[in-house]
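For reference, the chains in residue letters:
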Amino acid sequence: MKIKSIWFFLITFLVIPLADVSLAEEKNYEASISLGAAVNDTDESANRAAEYRKNVDMDSNWHVGGSLDFYGEKMRLNFEGLYQTGDEQQYWGNLELGRAILFRSSFYRFYHRLDHDTLANLEAHSMEELKTVTKDSTTKWVSLPKGAGLATVYHTDFNAADRYGITRSQWKNNLKVNPPGLAGISFELYHRYEERKGLDQARTMSKCAACHVVTRSKEIREYTNDWNPRVRARLGKLSLEYSFLYRVFRNSSDVPLNIYNEAMRPVAGDGTSVVPGAGSLLFDAELQFDATDGWLPFARTPENRKRLHSLKAKYDFNLERHVFVGFVNSNIINLSTDEGLNTLWGNFGKELEIDYNALHARFFAKLRHNLTLTLKAKYMNMDADDVFLDVVEMRLPDTYPKYPGMTYREVIGCTCDITRYSAYDSEEYILEGDLAWRLRRDLKLYFSYGLEIIKRNNASHDLGHPPVNDQTTEHKFKLAANWRPVKNLKLKAIISLCSSTIPTPILTPIALLLCQDSIMI
């Protein structure tokens, strides 16, 4: 794929004249304007060669840019901008009022092309055509498209002609205030607003029959809004900083719907039903959904809200020794888990939350003129809500022999409802020590040791296969050297050893091995 563009530029610099000649000589105002034009052409698709360029879809387009700069004795205002197309533009500006107020703002918008997957590789059929089987005056069949045969996997693209892409817009603002009467104190407010709009390809698949992979177009309309105030204070040797982040993600995108294939009732070659059960309707009682449920949603993105508190403190004993301590508390809430009709529609009866807390510290000391020591420690705790999955229990017809009006749960005596315990629930402890020794001006050695302990609170609830260990302990030793024998030539060597302790009767309790990417020259 190639892009052919011919560019023409006309750049004009203008200095705005002032009525007062003395002010004009000081050049308090400056402005510039730039004009350009492009003639565009592409060979084949532009998705690869122009993934982030929208203007190549146009035969030609104009480029308009400019800047304005005003500066006085205690004030400076600056603005710059560039417009290429409606989906390609950027602007930024600054305002300074002495040292007391500094305001910065920027906006940019660009277009991101997305691939359209034709799903052509998802097509596999058996050689035998599907036939109905009759036994005891009962005919059994499955619902497959005409000509599909015994399809192992096949596909349908319901919007084959659509072109996919997302326009992303982001506006950032930063206001910093240094009150004249409060030396060492500063206030700052950061704001970010992001918008994503466009068209994307959503995928889903039918099961309990041939694997039928389908895609449908999904209109994207997503909005993220961040507010992040912070305050800093320097009180002699002590520095403090507190910040708070409030983020809201809103989603008004379309929710694609799909009618899934009617489930294939398992039958043997002679037409008899495959176990479990004595009849094909018993299999239906196991299903959560199929074509009989009509249109169902998929590819949804939940809305969420995040709050984060951060506190940092640093104390400088002297120029060669300091200590740093930080604390982070975060809470994320899924705002879309108490909506809909049931678990299939995303209704778990409550808004799910994840809480995160972390405490970390660092100590640095220069022991000698050529020897430094760094000690680090971190504790992390994460707690996520468990989810109760209320399985849809289909009921057999009252006329069904042997199990009239019973659910599959009643037939086999299982407890089909489950509680999904979060794999996020864990505690982590980290200790690290680093010693740096400069032997010569051109040679420096590093020695380090690290200990990491992870405790998984829900490991006993069978979170996956193979089973998850409830605790992992890892020791890591590292030796490194930096050598610069001559100017513009630097040699670096690293070797790392890891020792892991995993409490399980199957695996070796302690393993000593080279860490990943542990040898580097």
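Residues numbered from 1 in each chain as written. Predicted model: local features only at pLDDT ≥ 70, side-chain atom pairs only at ≥ 80, totals over all residues. Heavy atoms only, no water.

A.B. asks: If you had to explain the packing of aromatic side chains to someone new, which residues and values would you point to?
C.D. replies: Applying the stated criterion to the full structure yields seven aromatic pairs. Considering the side-chain rings of Phe79 and Tyr91, the 6.4 Å spacing of their centres and the 10 degrees angle between planes classify their relative orientation as stacked. In this pair, Phe79 sits in strand 4 (residues 75–85) while Tyr91 sits in strand 5 (residues 88–97), placing the two residues twelve residues apart along the sequence. A residue is classified by how much of its surface remains accessible, and Tyr91, at 26% relative accessible area, is partly exposed. Between Tyr449 and Phe477, the aromatic rings sit 5.2 Å apart at their centres with planes inclined by 45 degrees, giving tilted as the arrangement. Residue Tyr449 is found in strand 24 (residues 443–456), and its partner Phe477 is found in strand 25 (residues 471–486); the two are separated by 28 residues along the sequence. Put simply, the rings of Phe79, Tyr91 and Phe107 pair up and form one aromatic cluster. (Phe/Tyr/Trp six-rings, centres within 6.5 Å; stacked < 30°, edge-to-face > 60°. Helix = DSSP H or I, 4+ residues; strand = E, 2+ residues; numbered from the N terminus. Buried < 20%, exposed > 50% of the residue type's maximum accessible area, 1.4 Å probe, protein only.)

A.B. asks: Can you explain the environment of Val153? Please cite residues and give values.
C.D. replies: By the secondary structure assignment, Val153 is in strand 10 (residues 151–157). In sequence terms Val153 and Val213 are 60 residues apart; their C-alpha atoms lie 7.5 Å from each other. In contact with Val153, not counting residues within four places along its chain, are Leu122, Glu123, Ala124, Cys211 and Val213. (Contact = heavy atoms within 4.5 Å.)

A.B. asks: Requested: an account of the pairing of strand 24, with residues and values cited.
C.D. replies: Bridge count for strand 23 (residues 426–440) against strand 24 is 14 bridges, and the pairing is antiparallel. Bridge pairing in strand 24 links Leu431 to Leu451. The hairpin turn running from strand 23 into strand 24, its antiparallel successor, is two residues long. The pairing of strand 24 with strand 25 spans 13 bridges and is antiparallel. Note on strand 25: the bridge partner recorded for Leu445 is Ala481. (Pairing = 2+ DSSP bridges.)

A.B. asks: I'd like a rundown of the confidence of the model for the chain, residues and numbers included.
C.D. replies: This prediction gives the chain a mean pLDDT of 80; 74% of its residues lie at or above 70. A low-confidence stretch, residues 267–279 stays under pLDDT 50, and its non-local contacts, those more than four residues away or across chains, total 23 contacts. In the model, residues 504–512 has pLDDT below 50 throughout and makes twelve contacts with residues more than four positions away in sequence or in other chains. (pLDDT = per-residue confidence, 0-100.)

A.B. asks: Any chance you could break down the side chain of Ser426 for me, citing the residues and the numbers?
C.D. replies: Note on placement: Ser426 falls in strand 23. Take Ser426: its relative accessible area is 11%, and that puts it in the buried class.

A.B. asks: How would you summarise a nonpolar patch on the surface if you had to cite specific residues and measurements?
C.D. replies: Taken together, the side chains of Ile33, Leu35, Trp62, Val64 and Tyr83 make up a nonpolar region of the molecular surface, amounting to roughly 490 Å² of accessible area. Mapped onto the nonpolar patch, the elements with two or more residues apiece are strand 2 (29–43) and strand 3 (60–71). Residue Ile33 is classed as partly exposed on the basis of its relative accessible area, which comes to 39%. (Patch = residues over 30% accessible without salt bridge, like charges linked within 9 Å, V, L, I, M, F, W, Y side chains within 5 Å. Areas by Shrake-Rupley, 256 points an atom, 1.4 Å probe, with all protein chains shown as cover. Salt bridge = Lys/Arg side-chain N within 4 Å of Asp/Glu carboxyl O.)

A.B. asks: Lay out the side chain of Asn174 in plain terms, naming residues and giving numbers.
C.D. replies: Along the chain, Asn174 falls in strand 11 (residues 164–177). For Asn174, the side chain forms a polar contact with the side chain of Glu188, separated by 2.8 Å. Non-local contacts of Asn174, meaning those with residues more than four positions away in its chain, are made with Leu102, Phe103, Arg104, Glu188, Leu189 and Tyr190. (Polar contact = N/O pair within 3.5 Å; in protein donor to acceptor, adjacent residues only side chain to side chain.)

A.B. asks: Describe the pattern of salt bridges, naming the residues involved and giving the relevant values.
C.D. replies: Counted under the stated rule, the structure contains 17 salt bridges. The partner of Glu188 in a salt bridge is Arg232, with the nearest N and O atoms 2.6 Å apart. Of this pair, Glu188 sits in strand 12 (residues 185–206) while Arg232 sits in strand 13 (residues 211–235), and the two are 44 residues apart along the sequence. One continuous salt-bridge network, built from bridges that share partners, spans Arg168, Arg192, Glu194, Asp226 and Arg247.

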